[in-house]
Amino acid sequence: PGMPDGKVRADIPIIGDENNVGIYKEIQIHGEVSLKKNVQRLVANRKYLDRTKDSRSWAIIVDNAGPAEGTYGRTGAEKGCSIFSQRGGEHIMCCDPSKKIWKVVHKEQPDLIMASAPMQDGGTMDPPRAGWEVPYTSRGCVSQEIFKQGMKEAGISDAQCKTLISALGISSKVYRHTEKSSFAQEWAKLSHTKSADEAWQCCVSAVQKAMLKEHGIEEGQVVETEHPYPAKSASWNQTVRFENAKNLKVSFSSRCMTYDSCASFSILSGALSKANAGVGARVQVQAMASSASIHGTLTGRLEGDKWSVRIDHDEAEISSQFRDWLEADASRSSTVTVAQEVKVVSVYYDGKAGDELIGFNLDMSSPMTPFSITGFKAMGRAQEMGVMVGWYLDVDSLLEEEAFQELEAEGLGDCPGSWEEATQDLEAFQKRLDLMLKEATDIELVFCNGLDFKLLPAAYASYGSEPYRSVGDEIESFETDGEVITIGSFKAEEGPAYLSGAREGWQLNLVETFKSRDNLRSLGQLTRQGVLESPAQLLTLEGVKLMFEPRDASNTCYSTCYCDMFDTVTCPTNCIELRWVTDGDGRHSADSRWGVFALVTPESKSTPDESVIESLADKWLSATQMARGPEGNISVEPEDWDESRLRALCARHGWQFEWMTEEGEKRRRIEGANDARRAAERATKKVQGPSSSAAGGAAWWRLDSVVKAFAFGNNTQKPKIQPPPKPKHMMSDKVTQEGADPSVARVKPQDVKLQSKLR
């Protein structure tokens, strides 16, 4: 509504003219939006500047402070110093004039400072918004005994552990941060494959195991959200499995609470569980940044909960030079690495990525993830975020980086527009990667530890080697109903069928088993009908490859919990999947976002009662918080949006800031036109070559639309929208009539009656 006739182009790097829109302004973006790349400027309504004091909110929002985070309202003052109290919590924020600091403390422990910041312009009335720090004693610490257990789990020697204790130990404790050093700095000196965060998490896990043992829980696993969980959209899945259990029991703390039904905790189980997967399981692997996927078979477990997958030979994703490499030798196969828990990290380099990264290795056997990190020169942003040697580069994301596209060198050629195009000349692409590390700045690289996968309803089991030469060495019996053969029971739970994920009740796919060329000799004279009538014949087969499928591959949902409805659930399985989903509502109600604390145990006579679970939950939260310490920087901001908070938001994301004015957009048109001109020049060079004239470039037609839009917007009076032209059959000569119409002249107006036919 209110727009001019005709098309007005929007795909130009220029802010639109507000005069072109008469009623409202709105843009809908379908797809991912990068706050760094896709947002240039924040234009704020002046109501946030002109608001009166009595209409403002003076509350404070604290983030990344663990149990002390939330909204703090001004509740009073003492000796001229404001006091802010945590809504729904037990913490306060106050000023200590003698030390010239603001601090966050617990009401019952006022001497234990959880966070502090030096006094600034606000003095004793308003807390500062920057400079908040946590004392090193509260940034993560464990006992030396626990530290030794954690480091043993992390895989370092006793001598290395002693070195860390000497650098970080004070009295009987080991601190994650000290005044002179930190665990991350000391860990980097060891050149270990694990990251510092993963190694310290081993210490946290050791603390948690000690808590379970203290409460008499021999077998159990705690699954929890943050407390309170952040008020933003999020979801995650976690699988819990106990090998020898028949049933699993899920118990909850009475404190469990979510804001509404859109924040829920579900307990599910199904035949296809990643925790049960093993060699021989069939999987579908998802590409890193596109919708492409491939099928394959798990061939082996790798370090760090990862699997090696042999890709099916006929997959279309094996193309170009990867296909040539594969076909050159019949013994070759294409592979890909998948992870139980996929980690994706985006690293922004304002300088050169080559200052940290040594280079990338090209693996022709891995068409889905061909480039991996070969090593590091020095400590940098990628390692600080958990990236390690061997992680894979997201090529699709890299191709969208302007700094990568603009690289120029002799013999380098144009930047490929897609990964499919890049596979035509991998040697040239490798050169561009090397040049990127040396020269490119202002670039974002995306890495992952492996690709995501999901199990397919199929598993292969191969027999022929000790100790499982025959099918009967693993499977006790088969059952049949005349149409389908299923596994009756297992003799051993370490054989090829069980390790591939097959379980009792899984059915044998006779069609695929008899169709396989690998089984022509092993099956001999057996027929499908004969096996259906007497499945015991299968138990004596050697050197055979069987394919099993679950009868029902769908998940069973045992319970979905939300609000305060968290009841104990018993699941008739040894493996369950726990799913957490929240839409992010409830920002101003931290007490109703306490979250979930669940204890999963094998059902037995020694299952802990409610009092034990409550005691465990209370001690677990404090002990875990003390061991882990706060994650990230503490943020203290006013609940209301004022100029300082708006400018801080823009500074965080690198945006421009401006108050909304009538002439504001027009002043930036010249700047936008220059951006459009430079973009057109780059496009012209790419289409016609560096020697072509910019004025005749193929991209300059876009600027014609820009000029017209400018000319239209610069008119002092908004042009009127003209009605559409009349059709030709209505454009006849004008007809006039002389005198009165005889048929109308005889009608008397007083006798005319109006009648409506609407019903």
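Residues numbered from 1 in each chain as written. Predicted model: local features only at pLDDT ≥ 70, side-chain atom pairs only at ≥ 80, totals over all residues. Heavy atoms only, no water.

## Looking at unusual backbone geometry
Note on backbone geometry: most residues besides glycine have negative phi, and most peptide bonds are trans.
Here comes step 1: Here the residue pair H227 and P228 is connected by a cis peptide bond, since its omega of -5° sits within 30 degrees of zero.
Here comes step 2: By the secondary structure assignment, P228 is in the loop between β11 (221-224) and β12 (234-241).
Here comes step 3: Note the cis peptide between E466 and P467, where omega equals 0°.
Here comes step 4: Phi angles above zero are rare outside glycine, and D442 is one such case at about 55°.
Here comes step 5: With respect to the element layout, D442 can be found in the loop between α11 (426-439) and β23 (443-448). (Helix = DSSP H or I, 4+ residues; strand = E, 2+ residues; numbered from the N terminus.)

## Re the confidence of the model for the protein chain
Here comes step 1: With 85% of its residues at a pLDDT of 70 or more, the protein chain has an overall mean of 83.
Here comes step 2: Below pLDDT 50 for its whole length, residues 11-16 participates in 14 contacts with residues either more than four positions away or in separate chains.
Here comes step 3: For residues 705-716, every residue scores under 50 in pLDDT, and the model assigns this stretch 15 contacts once sequence neighbours within four places are set aside. (pLDDT = per-residue confidence, 0-100. Contact = heavy atoms within 4.5 Å.)

## Structural notes on the packing of aromatic side chains
Here comes step 1: Overall, the coordinates contain 17 aromatic pairs when judged by the stated rule.
Here comes step 2: Ring geometry for F252 and F265: centres 5.9 Å apart, planes at 90°, overall edge-to-face. Placement of F252 in strand β13 (residues 248-252) and of F265 in strand β14 (residues 264-269) is noted, with a sequence separation of 13 residues between them.
Here comes step 3: Under the relative-accessibility criterion, F265 is labelled buried at 0%.
Here comes step 4: Members of the aromatic cluster, connected to one another through ring pairs, are F322, F371, F404, W419 and F429.
Here comes step 5: Of note, R503 hangs over the ring of Y498, and the distance from its end group to the ring centre comes to 3.7 Å.
Here comes step 6: Above the face of the W641 ring, R645 is positioned so that its terminal group lies 3.8 Å from the ring centre. (Phe/Tyr/Trp six-rings, centres within 6.5 Å; stacked < 30°, edge-to-face > 60°. Buried < 20%, exposed > 50% of the residue type's maximum accessible area, 1.4 Å probe, protein only. Lys NZ or Arg CZ within 6 Å of the ring centre and 35° of its normal.)

## Some thoughts on the sheet that holds strand β32 (residues 597-602)
Here comes step 1: Judged by pairing direction, the sheet is antiparallel, and its four strands sit side by side in the order β11-β32-β13-β30 without closing on themselves. The strands lining the two open edges of the sheet, one partner per strand, are β11 and β30 (569-571). The sheet shows a mean angle of 25° between the axes of neighbouring strands, direction not considered.
Here comes step 2: Looking at chain direction, β11 and β32 are connected through four bridges and run antiparallel. Note that in β32 the partner of V223 across the bridge is A598.
Here comes step 3: Along the sheet, helix α16 (residues 610-628) makes contact with β11, β13 and β32, crossing β32 at roughly 125°. (Pairing = 2+ DSSP bridges. Axes fitted to C-alpha atoms, helices over the stretch in contact; angles between N-to-C directions.)

## Focus on the sheet that holds strand β6 (residues 101-106)
Here comes step 1: Across the sheet, seven strands lie side by side as β7-β6-β5-β4-β3-β2-β33; this open sheet has antiparallel pairing. Since the sheet does not close on itself, it has two edges, and those belong to β7 (109-118) and β33 (635-638), each with one partner. Each neighbouring strand pair of the sheet contributes to a mean axis angle of 30°, computed without reference to strand direction.
Here comes step 2: Two elements, β6 and β7, share six bridges in a ladder whose sense is antiparallel.

## Quick look at helix α5 (residues 196-214)
Here comes step 1: With 19 residues, α5 ought to run about 27 Å at 1.5 Å a step, and its terminal C-alpha atoms sit 28 Å apart, in line with that.
Here comes step 2: Those residues of α5 that sit buried are A196, A199, W200, C202, C203, V204, A206, V207, Q208, M211 and L212.
Here comes step 3: The first or second residue beyond α5 is G216, which carries a positive phi of 75°. (Expected span 1.5 Å × (residues − 1).)

## What about the packing of helix α2 (residues 144-154) against α5?
Here comes step 1: Packing of α2 against α5 leaves a shortest axis separation of 8 Å and a crossing angle of 125°. Considered as vectors, α2 and α5 are oriented oblique to each other. The two elements α2 and α5 cross, and the hand of that crossing is right-handed. Contacts from I146, F147, Q149, G150, M151, E153 and A154 in α2 reach A199, W200, C202, C203, A206, V207 and A210 in α5.
Here comes step 2: The class makeup of the residues in the contact of α2 with α5 is 11 nonpolar, two polar and one charged. (Parallel < 35°, antiparallel > 145°, perpendicular 65-115°, else oblique. Left-handed = near helix turned anticlockwise from the far one by under 90°. Nonpolar A, V, L, I, M, F, W, Y, C, P; charged D, E, K, R; others polar.)

## Examining the state of the cysteines
Here comes step 1: In this structure the tally under the stated criterion is zero disulfides.
Here comes step 2: Among the cysteines around C202, which has no disulfide bond, C203 carries the closest sulfur, lying 6.9 Å off. (Disulfide = S-S within 2.5 Å.)

## Description of the environment of S269
Here comes step 1: Within the secondary structure, S269 is located in strand β14.
Here comes step 2: Judged by its relative accessible area of 8%, S269 falls in the buried class.
Here comes step 3: Apart from the residues lying within four places of it in its own chain, the contact partners of S269 are S554, N555, T556, Y558, T573, C575 and I576.
Here comes step 4: Of the polar contacts made by the side chain of S269, one reaches the backbone oxygen of C575; its length is 3.0 Å. (Polar contact = N/O pair within 3.5 Å; in protein donor to acceptor, adjacent residues only side chain to side chain.)

## With respect to the pattern of salt bridges
Here comes step 1: Tallied over the entire structure, the rule returns 20 salt bridges.
Here comes step 2: One salt bridge in this structure joins E637 and R652, with 3.2 Å as the shortest N-O distance. Residue E637 is located in strand β33, and its partner R652 is located in helix α17 (residues 643-653); the two are separated by 15 residues in the primary sequence.
Here comes step 3: Among the charged side chains, a network of salt bridges with common partners joins E637, R645 and R652. (Salt bridge = Lys/Arg side-chain N within 4 Å of Asp/Glu carboxyl O.)

## Focus on the environment of K103
Here comes step 1: On the secondary structure map, K103 appears in strand β6.
Here comes step 2: For K103, a relative accessible area of 15% corresponds to the buried category.
Here comes step 3: A C-alpha to C-alpha distance of 4.2 Å links K103 and S116, two positions 13 residues apart in sequence.
Here comes step 4: Residues within four places of K103 in sequence aside, it is in contact with I92, M93, C94, D96, P110, I113, A115, S116 and W132.

## Regarding the nonpolar core
Here comes step 1: Counting 57 residues, the largest nonpolar core has F147, M151, F183, F252 and F265 as the members making the most contacts within it.
Here comes step 2: In terms of residues, this core owes the most to one element, α5, which gives 10 residues.
Here comes step 3: By size, the runner-up hydrophobic cluster in this structure holds 56 residues, among which are A281, M388, L398 and L412. (Core = buried A, V, L, I, M, F, W, Y, C linked by side-chain atoms within 4.5 Å.)

## Details of the pairing of β23
Here comes step 1: Most of β23 sits out of view: five of its six residues are buried.
Here comes step 2: Bridge analysis of strand β19 (residues 344-349) against β23 gives six bridges, and the strand direction is antiparallel. Directly across from V345, in β23, lies its bridge partner F447.
Here comes step 3: With two bridges connecting them, strand β22 (residues 392-393) and β23 associate as antiparallel partners. Each bridged residue has a counterpart across the sheet, and for Y392 the counterpart in β23 is C448.

## Structural notes on the packing of α5 against α16
Here comes step 1: One way to put it is that α5 packs onto α16 with a least axis distance of 10 Å and a crossing angle of 160°. Judged by the angle between their axes, α5 and α16 are roughly antiparallel. Crossing of α5 against α16: the hand is right-handed. On α16, the residues touching W200, Q201, V204, V207, Q208, M211, L212 and E214 of α5 are L616, K619, W620, A623, T624, A627 and R628.
Here comes step 2: The residue inventory of the contact of α5 with α16, partitioned by class, reads nine nonpolar, three polar and three charged.

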